[in-house]
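A closer look at the structure
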Amino acid sequence: MSLWEYANPVKFIRTTDMVLPWISVLAVLCLVTGLIWGFFFTPEDYRQGSTVKIIYLHVPSALMAINAWMMMLVASIIWIVRRHHVSALAARAAAPVGAVMTLIALATGALWGQPMWGTWWAWDPRLTSFLILFLFYLGYIALWSAIEDDDTAADLSSILCLVGSVFAVLSRYAVNFWNQGLHQGASLSLDKEENVADVFYFPLLVCIAGFVLLFVALVFLRTQTEIRARRTRALIAREQRG
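Thresholds, definitions, all that
- Residues numbered from 1 in each chain as written.
- Predicted model: local features only at pLDDT ≥ 70, side-chain atom pairs only at ≥ 80, totals over all residues.
- Heavy atoms only, no water.
- Core = buried A, V, L, I, M, F, W, Y, C linked by side-chain atoms within 4.5 Å.
- Buried < 20%, exposed > 50% of the residue type's maximum accessible area, 1.4 Å probe, protein only.
- Helix = DSSP H or I, 4+ residues; strand = E, 2+ residues; numbered from the N terminus.
- UniProt positions renumbered as here; feature names shortened; annotations may be inferred.
- Expected span 1.5 Å × (residues − 1).
- Polar contact = N/O pair within 3.5 Å; in protein donor to acceptor, adjacent residues only side chain to side chain.
- Contact = heavy atoms within 4.5 Å.
- Disulfide = S-S within 2.5 Å.
- Phe/Tyr/Trp six-rings, centres within 6.5 Å; stacked < 30°, edge-to-face > 60°.
- Patch = residues over 30% accessible without salt bridge, like charges linked within 9 Å, V, L, I, M, F, W, Y side chains within 5 Å.
- Areas by Shrake-Rupley, 256 points an atom, 1.4 Å probe, with all protein chains shown as cover.
- Salt bridge = Lys/Arg side-chain N within 4 Å of Asp/Glu carboxyl O.

With that settled, consider the nonpolar core. A general feature of soluble globular proteins is that nonpolar side chains tend to end up buried together. Core analysis: the largest hydrophobic core is formed by 35 residues, its most contacted members being Trp69, Met72, Phe130, Tyr137, Tyr140 and Phe215. Listed by contribution, the elements that provide at least two residues to this core are α2 (55–82), α3 (85–117), α4 (125–146), α5 (150–177) and α6 (198–241). Among the elements that line this core, the one with the most residues is α2, at 10 residues. Membership of the second largest hydrophobic core comes to 10 residues, among which are Ile54, Val59, Phe200 and Leu204.

In the numbering adopted here, UniProt assigns the feature "transmembrane region" (unreviewed entry) to residues 20–41, 61–81, 93–112, 127–147, 159–179 and 199–221. For the annotated span residues 20–41, helix accounts for 95% and strand for 0% of the residues, and the straight-line distance between the end C-alpha atoms is 30 Å. Within residues 93–112, the helical portion is 100% and the strand portion 0%, while the C-alpha atoms at the span's ends are 30 Å from each other.

The terminal C-alpha atoms of α2, which comprises 28 residues, lie 39 Å apart, in line with the 40 Å expected from a rise of 1.5 Å per residue. Arg83 lies just past α2 and shows a positive phi near 60°.

The subject of this paragraph is unusual backbone geometry. In this structure, Arg83 is a non-glycine residue whose phi angle is positive, near 60°. Residue class for Arg83 comes out partly exposed when judged on its relative accessible area of 39%.

Moving on to the side chain of Gln224. Along the chain, Gln224 turns up in helix α6. Within the structure, Gln224 has its side chain in polar contact with the side chain of Asp17 (distance 3.1 Å). Ignoring anything within four residues of it in the chain, the contact list for Gln224 reads Phe12, Ile13, Thr16, Asp17 and Leu20.

All right, on to the state of the cysteines then. Applying the stated criterion across every chain, the model contains zero disulfides. With no disulfide of its own, Cys207 lies closest to Cys30 among cysteine sulfurs, the gap being 9.0 Å. For Cys207, a relative accessible area of 0% corresponds to the buried category.

Next up on the list: the packing of aromatic side chains. In this structure the tally under the stated criterion is six aromatic pairs. Summarising the aromatic geometry, the rings of Phe12 and Phe220 are spaced 5.9 Å apart at their centres and angled 85° between planes, so their arrangement reads as edge-to-face. Residue Phe12 is found in helix α1 (residues 9–40), and its partner Phe220 is found in helix α6; the two are separated by 208 residues along the sequence. By relative accessible area, which is 10% here, Phe12 ends up buried. Judged by relative accessible area, which is 22%, Phe220 ranks as partly exposed. On the basis of an interplanar angle of 75° and a centroid distance of 5.5 Å, the ring pair of Tyr201 and Phe202 is categorised as edge-to-face. Owing to a relative accessible area of 16%, Tyr201 belongs among the buried residues under this scheme. Overall, Phe202 belongs to the partly exposed group, its relative accessible area being 40%.

A cluster of nonpolar side chains, contributed by Val28, Val32, Ile36, Trp37, Phe39, Phe40, Phe41, Phe202 and Leu205, occupies part of the molecular surface with about 880 Å² of accessible area. Those elements that provide at least two residues to the nonpolar patch are α1 and α6. Ranked by residue count, the leading element in the nonpolar patch is α1, at six residues. Mapped onto the elements of the fold, Val28 is located in helix α1.

Let us look at α3. The terminal C-alpha atoms of α3 lie 46 Å apart, and with 33 residues this matches the ideal 48 Å at 1.5 Å per residue to within 8%. Note on α3: the residue one or two positions beyond its end, Gly118, has a positive phi of about 80°.

Glancing now at the environment of Ala110. Note on placement: Ala110 falls in helix α3. In this structure the C-alpha to C-alpha distance between Ala110 and Trp121, which are 11 residues apart in sequence, comes to 6.2 Å.

Written as structure tokens, this is what we have:
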């Protein structure tokens, strides 16, 4: 069985219909478990107090904001190289989800930063690159909506996605590139010494799993919707020509 078989819209819809209920249930279980565990069964931080618990929304949403764009990048490259419509529609489907994740990260970052930094916003390298990433999400969504021909929209939005990937990378590694700004380093790392304390770390992993599963479920559902909408537009165009 080849992975490219799922570029067939019918195959994609049939397969995702089977796995969507399971992914959705797991997403809800992880989110409910992780958020309740994190907000109600972890201690306050000795410096940040109860505000540290914003980490259970901020870190997973920020992680998904960046990785959603990376997923769009891969799908866009597949469209450019292989011309598979499902990949282009999957990228389109992921964009609003990624935009909401970015907005959640920005909002929770402001709520977390105000008591810590004394300001709701600072032109910190990571914050600024994240804001630009959010604007790229909005531009990507607007570009798809502004062009009637689906293939042309997919071509142009794929190019925009390639350009925006620079800011997705900067959003992740800005603290490493510029040794300045208010934002701290990564809360999660392959280096055990850089991670948060275990009492916060394990519920955070559960929350991240929940956000990942939620993203996958929403992208599958939205891609199915985009496939059906494209098919409907094609039928309407055929009738008008006839």
